[in-house]
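These are the residues of each chain, in order.
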Amino acid sequence: MNTTNPFGKKGWTPDRINDLRGKTFVITGTTSGTGFEAARILLSKNAQVVMLNRNPQKASDTTAQLKKILGNRIDVINITMDLGVQASVKKAATEVLEKSRPH
C-alpha cells in the first residue's frame, strides 16, 4: 500500500494554487458551502468564475458578498440554471459559451 502523500509533506492547501489569470472555472451551487468556498478561492487567484445557480437573487447576493471580500475587480459571471430542468441546462450551457472568455 502506497502511503505517500501526492501533495507533499504539507499536503494540499489553497495557498499552493498559483495565479489562475486566463483560466475559467464553471461551478454550480455557489451561494453556500463548498461551492461558495471554491468560487472564493478561485477568484482570489484571479480566475474567471462562472457561477451556475437556480436563484438569481441569491447569486446576485453572493456576487456582492464576494466583491466585499475580494474587491470589485473579480471576474465573475452569474448564469441562472436549474439542474432539474433540461431546457434550463441547455440554455445555461449556451450562455457559458457566449459569456465566458475564449480559451
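On a predicted model such as this, the values are computed, not experimentally measured, just so you know.

A. Spotlight on the environment of Gln57. Within the element layout of this structure, Gln57 appears in helix 2 (residues 56-70). Among the residues examined, Gln57 registers a relative accessible area of 49% and is labelled partly exposed. Expressed as a C-alpha distance, the spacing of Gln57 and Thr80, which sit 23 residues apart in the sequence, is 9.8 Å. In terms of polar contacts, Gln57 uses its side chain to reach the side chain of Asp61, at 2.8 Å.

B. Examining the nonpolar core more closely. If you look at the biggest cluster of nonpolar residues, it comprises 14 residues, and the most contacted ones within it are Ala39, Leu42, Leu43, Val49, Met51 and Leu66. Taken together, the elements giving at least two residues each to this core come down to helix 1 (33-44) and strand 2 (48-53). Here this core gets five residues from one element, more than from any other, and that element is helix 1. Ignoring sequence-local partners within four residues, the contact set of Met51 consists of Ile27, Thr30, Ala39, Ala59, Thr62, Thr63, Leu66, Val76, Ile77, Asn78 and Ile79. With seven residues, the next largest nonpolar core counts Val50, Ile77, Ala92 and Val96 among its residues.

C. Representation of the sheet that holds strand 3 (residues 75-80) in the model. Overall, parallel pairing links the three strands, which are arranged 1-2-3 in an open sheet. At either margin of the open sheet sits one strand with a lone partner, and together these are strand 1 (24-28) and strand 3. Within the sheet, the average angular offset between the axes of one strand and its neighbour, ignoring direction, is 20°. Pairing geometry for strand 2 and strand 3, over six bridges, is parallel. Counterpart to Asn53 in the pairing with strand 3 is Thr80. Sitting on the sheet, helix 3 (residues 86-99) touches strand 1, strand 2 and strand 3, and the angle it makes with strand 3 is about 155°.

D. Representation of the pattern of salt bridges. Summed over the entire model, instances satisfying the criterion amount to four salt bridges. One salt bridge connects Lys99 with Glu95, and the closest N-O pair in it is separated by 3.0 Å. Taken together, the residues span about one helical turn, with Lys99 and Glu95 both in helix 3 at a distance of four residues. Taken together, the shared-partner salt bridges in this structure form one network comprising Lys91, Glu95 and Lys99.

E. Representation of unusual backbone geometry. The phi dihedral of Asn46 falls on the positive side, at around 75°, and the residue is not glycine. Tracing the sequence through the fold places Asn46 in the loop between helix 1 and strand 2. A residue is classified by how much of its surface remains accessible, and Asn46, at 33% relative accessible area, is partly exposed.

F. Region of the structure containing the pairing of strand 2. Within strand 2, six of the six residues are buried, leaving the element largely enclosed by the surrounding structure. The alternating pattern of strand 2 places Gln48, Val50 and Leu52 on one face and Val49, Met51 and Asn53 on the opposite face, and all of these are buried. Across five bridges, the pairing between strand 1 and strand 2 is parallel. Considered in strand 2, the bridge of Thr28 is made with Leu52. Crossover connection from strand 1 via helix 1 to parallel strand 2: handedness right-handed. On the question of chirality, the crossover connecting strand 2 to the parallel strand 3 by way of helix 2 is right-handed.

What counts as what
Residues numbered from 1 in each chain as written. Predicted model: local features only at pLDDT ≥ 70, side-chain atom pairs only at ≥ 80, totals over all residues. Heavy atoms only, no water. Helix = DSSP H or I, 4+ residues; strand = E, 2+ residues; numbered from the N terminus. Buried < 20%, exposed > 50% of the residue type's maximum accessible area, 1.4 Å probe, protein only. Polar contact = N/O pair within 3.5 Å; in protein donor to acceptor, adjacent residues only side chain to side chain. Core = buried A, V, L, I, M, F, W, Y, C linked by side-chain atoms within 4.5 Å. Contact = heavy atoms within 4.5 Å. Pairing = 2+ DSSP bridges. Axes fitted to C-alpha atoms, helices over the stretch in contact; angles between N-to-C directions. Salt bridge = Lys/Arg side-chain N within 4 Å of Asp/Glu carboxyl O. Right-handed = clockwise from strand over helix to strand, strands pointing away.

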